[in-house]
Structure formats: structure tokens, C-alpha cells
Amino acid sequence: MPDNKEINRLIGVKIGSTYSVSAAREEHETPVTNVIKSCVSPVTDPDTTVLNDTYIGVERPDSVFPLDKGIIENDANILLTIAIINKLNIPPGAYVVAAIPALELTDGRARLKRALLESLKPAKMVLSPEVYCGAVTALGYSEINGKQRLKALHSDFLALNLGSTTTEVLIALHGERKYLKAFTKVCGNMVDSELFDTLHNTFGKVLITMPQIRDIKEQFNMINQKDVIVNVLTHSDGVKKVPVQKVVMSVLDNYVFNVSDLLVNILKNNLTPETIAQVLDTPIVLTGGMNNIPGLAERIEKKMRELLHYEKLTVLKQVDGHIAPAIGALTLSTEINWEKIPVA
């Protein structure tokens with residue numbers, strides 16, 4: 001472990017497709033987090049199109065999200081990602097644990113690692129799956145042989161990272177990862193696209209942008225539904241205000257089914273019935289931004305019970321699921337023997 005001075009430089013980061021987060025603390029203090037949108041917006045002069053400035057971490061209609069596929073797809077987006085990470089103001093020379101997507105894209109992972117190294121300039125760095133880091137935060141500690149140990153390092157559990165670009169699934173037995181995979185066809189961005197298309201197919205010319213669609217989704221409450229109003233351009237009445245909360249609810253319920261169906265198929269195709277029961281003895285851990293929608297976790301729990309015919313199944317949701325992986329990464333940094341980690 002680092003000495004006392006170095007402990008003050010332990011950092012957890014999550015560089016996500018929609019949000020990027022850093023977490024740090026002095027020893028024994030509550031983590032301090034910094035959260036920004038993972039986007040870059042050029043500001044050009046409307047007459048000359050000359051680039052005057054660049055907004056980083058503030059979403060605009062013309063914003064670019066360089067990790068919008070979950071990882072850096074091409075070399076051009078490396079510099080944009082570096083600009084986003086720099087905005088987190090992480091001091092150089094830190095011991096960093098970075099929560100990264102579980103996608104099996106070798107080039108994309110290498111680009112992300114390069115962006116992290118060039119922007120953070122860490123003394124040492126460890127990469128860990130985002131879903132695992134989120135589970136570390138949710139599960140916390142338990143007493144084993146008279147000592148406080150991270151439950152994620154020792155217990156059986158199942159975790160879902162409900163992200164913007166992927167749903168990550170992790171199954172661990174006695175702390176060892178038995179299954180880890182990311183799925184791009186079930187994700188928050190797909191919900192945005194489905195909601196956008198359904199609104200237009202239902203109401204015609206809806207005057208709305210994708211950032212506004214994302215805001216509607218993120219602010220929706222599936223337990224206490226309130227009116228959601230959009231502007232629709234009609235031939236006879238011009239611009240008309242239309243309530244669309246039923247459409248939003250329907251789209252989110254479809255997402256709940258897709259997540260639940262995906263997880264049930266993974267369990268049935270990869271584990272024995274005995275192991276499934278063993279894993280489900282503890283709550284399914286949810287993390288990621290979609291987990292933040294009130295009522296969504298409860299509906300996943302209900303749907304999973306229906307599909308598995310198992311009434312004892314429970315789901316553990318987290319407040320601020322998009323931040324949890326960074327805090328989990330920070331927590332993991334205190335468990336690492338940094339002397340065995342090579343210099344970055």
C-alpha cells in the first residue's frame with residue numbers, strides 16, 4: 001500500500017458514455033465527487049464559422065459524445081476524451097482505479113487507456129469493469145474472521161450496470177467473476193431512440209430534440225407519474241401541447257422487459273438451477289444511470305420474479321447509479337497492493 005501521503009492521492013474515476021465522474025477523499029472521509037457530461041461542443045462564429053471556443057461537459061444540441069458507443073471507436077475521439085477527462089481536474093501522480101466498460105473491443109479499450117494515461121498522468125493505474133465497481137459500492141463491507149472485508153471480493157452476487165450504451169452483466173461466486181459481458185442492444189440510448197420514434201409515429205411532427213428526449217427519460221417517475229407535455233406541429237391548429245406520459249411509460253416498460261429477459265436467458269444458459277438459486281440468495285445489484293429512474297428497479301424486480309417464478313428474488317438499487325462506479329473504484333483503490341502494480 002502507498003504511505004500516508006500517497007493515500008491522499010487515491011482516485012476513482014468513471015469515464016462513461018454520458019457522464020464522467022471522479023471520486024477522491026482524505027483518509028476516513030466521505031468521498032468527494034466531480035460529475036460532468038461526457039461531451040464536447042464547438043462554439044463557432046455564425047458569420048465566419050471560425051471556432052471561438054469549446055464547451056466541455058455541458059450538453060448542447062450540437063454536442064459530441066466521443067464515447068457514445070461505450071468506448072472510443074476511433075483515434076479522432078481520443079483528443080476529445082482527453083479534454084473531458086482534463087475537465088475533472090484530477091491531480092497528476094495519483095494512484096488511479098478506472099471503471100471502464102466491459103466491452104470486448106481491443107482497439108477501443110487501448111484508446112481509452114491511452115486517453116486516461118495522457119490526461120491523468122497517474123503514477124500507477126488499474127482498470128476495472130464498471131459493473132464490478134458499481135457492485136463494490138452497493139454491497140459494502142461485511143465482517144469476515146473479525147475483519148471488515150469488501151463483500152464484492154468474497155461473496156456470491158449478480159450485478160447489472162444499466163448504462164447509456166450498454167447493459168453490463170456480472171455474475172460472481174465467492175468473489176470470483178464467473179460471467180462478465182456487455183450488451184449494446186439493451187441500453188439507455190436505445191430507449192431514447194425508441195421514445196423519439198414512438199412520439200413521432202404517434203403524434204406526427206413533435207418539436208423535440210434528442211437532449212430533450214434524454215431529459216424527459218431521466219426525470220420521469222414510474223411510481224408517481226406526472227404530466228409530460230411536448231409541442232406538436234399540426235396542420236389545423238399550429239403548435240399544440242400534447243401529454244405523452246403514457247408513451248414514456250410504455251417505452252420504459254419495454255426496456256424493463258428487455259433487461260429482465262436478457263438476464264433470465266443469461267442465467268438459464270450459463271448456470272445450473274442450483275447455482276442460480278445460490279446467486280439469487282442475495283439481491284441483484286443495480287448500478288448505472290438508468291437505475292436512477294424512480295420505480296424502474298421495482299419493475300425489474302417484479303418482472304424478474306414473473307419470468308423466473310421465484311418470489312424471493314429482490315433487487316438492490318442505488319442512489320446516483322451513474323456515480324457509484326467511481327466511488328467503487330475509489331474503494332477498490334484502498335484494497336490494492338500498489339507495490340505490485342507497475343508504473344503507468
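Look above for the structure.
Described in the following lines is the structure provided in the data block.

The rules behind these values
- Residues numbered from 1 in each chain as written.
- Predicted model: local features only at pLDDT ≥ 70, side-chain atom pairs only at ≥ 80, totals over all residues.
- Heavy atoms only, no water.
- Helix = DSSP H or I, 4+ residues; strand = E, 2+ residues; numbered from the N terminus.
- Buried < 20%, exposed > 50% of the residue type's maximum accessible area, 1.4 Å probe, protein only.
- Phe/Tyr/Trp six-rings, centres within 6.5 Å; stacked < 30°, edge-to-face > 60°.
- Contact = heavy atoms within 4.5 Å.
- Expected span 1.5 Å × (residues − 1).
- Arc of directions from axis to C-beta.
- Salt bridge = Lys/Arg side-chain N within 4 Å of Asp/Glu carboxyl O.
- Pairing = 2+ DSSP bridges.
- Axes fitted to C-alpha atoms, helices over the stretch in contact; angles between N-to-C directions.

## Considerations on the environment of Lys69
The topology assignment puts Lys69 in the loop between β5 (51-56) and α2 (76-86). Since its relative accessible area comes to 44%, Lys69 is described here as partly exposed. Note: C-alpha distance between Lys69 and Thr165 (96 residues apart in sequence) is 5.7 Å.

## Points about the packing of aromatic side chains
One pass over the full model with this rule turns up 1 aromatic pair. Ring centres 5.0 Å apart and planes at 75° place the aromatic pair Tyr95 and Trp338 in the edge-to-face group. Here Tyr95, found in strand β6 (residues 95-100), pairs with Trp338, found in the segment after α10 (324-333); they are 243 residues apart in sequence, far enough to count as distant. One exposure class covers both Tyr95 and Trp338, and it is buried.

## Here we look at the environment of Val96
Mapped onto the elements of the fold, Val96 is located in strand β6. Residue classification places Val96 among the buried positions, given a relative accessible area of 0%. In this structure the C-alpha to C-alpha distance between Val96 and Thr331, which are 235 residues apart in sequence, comes to 11 Å. Non-local contacts of Val96, meaning those with residues more than four positions away in its chain, are made with Ile11, Val13, Leu120, Pro122, Lys124, Met125, Val126 and Trp338.

## Some details on helix α9 (residues 296-308)
For an α-helix, 3.6 residues make a turn, and residues three or four places apart therefore share a direction. An ideal rise of 1.5 Å per residue puts 18 Å on 13 residues; α9 measures up with 18 Å between its terminal C-alpha atoms. Those residues of α9 that sit buried are Leu296, Ala297, Ile300, Glu301, Met304 and Leu308. Mapping the buried residues of α9 onto a view down its axis gives an arc of 140°, with all of them on the same face. Looking at the buried residues of α9, the elements they touch are β10 (157-162), α7 (245-270), β16 (284-287) and β17 (315-316). Downstream of α9 by a residue or two, His309 has a phi angle that is positive, lying close to 55°.

## Digging into the pattern of salt bridges
Scanning the entire structure with this criterion turns up 14 salt bridges. Ionic pairing is found between Asp192 and Lys217, a salt bridge with its closest N-O pair at 3.0 Å. You can see Asp192 sitting in helix α5 (residues 188-203) and its partner Lys217 sitting in helix α6 (residues 210-219), a full 25 residues away along the chain. With relative accessibility at 1%, the residue Asp192 sits in the buried group. With a relative accessible area of 4%, Lys217 lands in the buried category. A salt bridge links Arg299 to Asp253, with the nearest nitrogen and oxygen atoms 2.7 Å apart.

## Points about the sheet that holds strand β2 (residues 19-24)
Pairing is mixed in the open sheet, where 5 strands are placed in the order β3-β2-β1-β6-β7. A strand with exactly one partner marks an edge of an open sheet, and here the two such strands are β3 (32-37) and β7 (124-129). Across this sheet, the average inter-strand angle for adjacent strands is 15°, counted without regard to direction. In this structure, β6 lies alongside β7, joined through 6 bridges in parallel fashion. Note on β7: the bridge partner recorded for Ala98 is Leu127.

## What about the sheet that holds β17?
If you trace the 5 strands from one edge of the open sheet to the other, you get β12-β11-β10-β16-β17, paired in mixed fashion. The open sheet has two edge strands, β12 (176-183) and β17, and neither has a second partner. In this sheet, β17 lies alongside β16 in parallel orientation, the contact comprising 2 bridges. Counterpart to Ile284 in the pairing with β17 is Val315. Its contacts with the sheet place helix α4 (residues 130-139) against β10, β11 (167-173), β12, β16 and β17, and it is angled at close to 115° to β10. Each of β10, β11, β12 and β16 is contacted by α7, which is oriented at about 35° to β11, the strand it contacts most.

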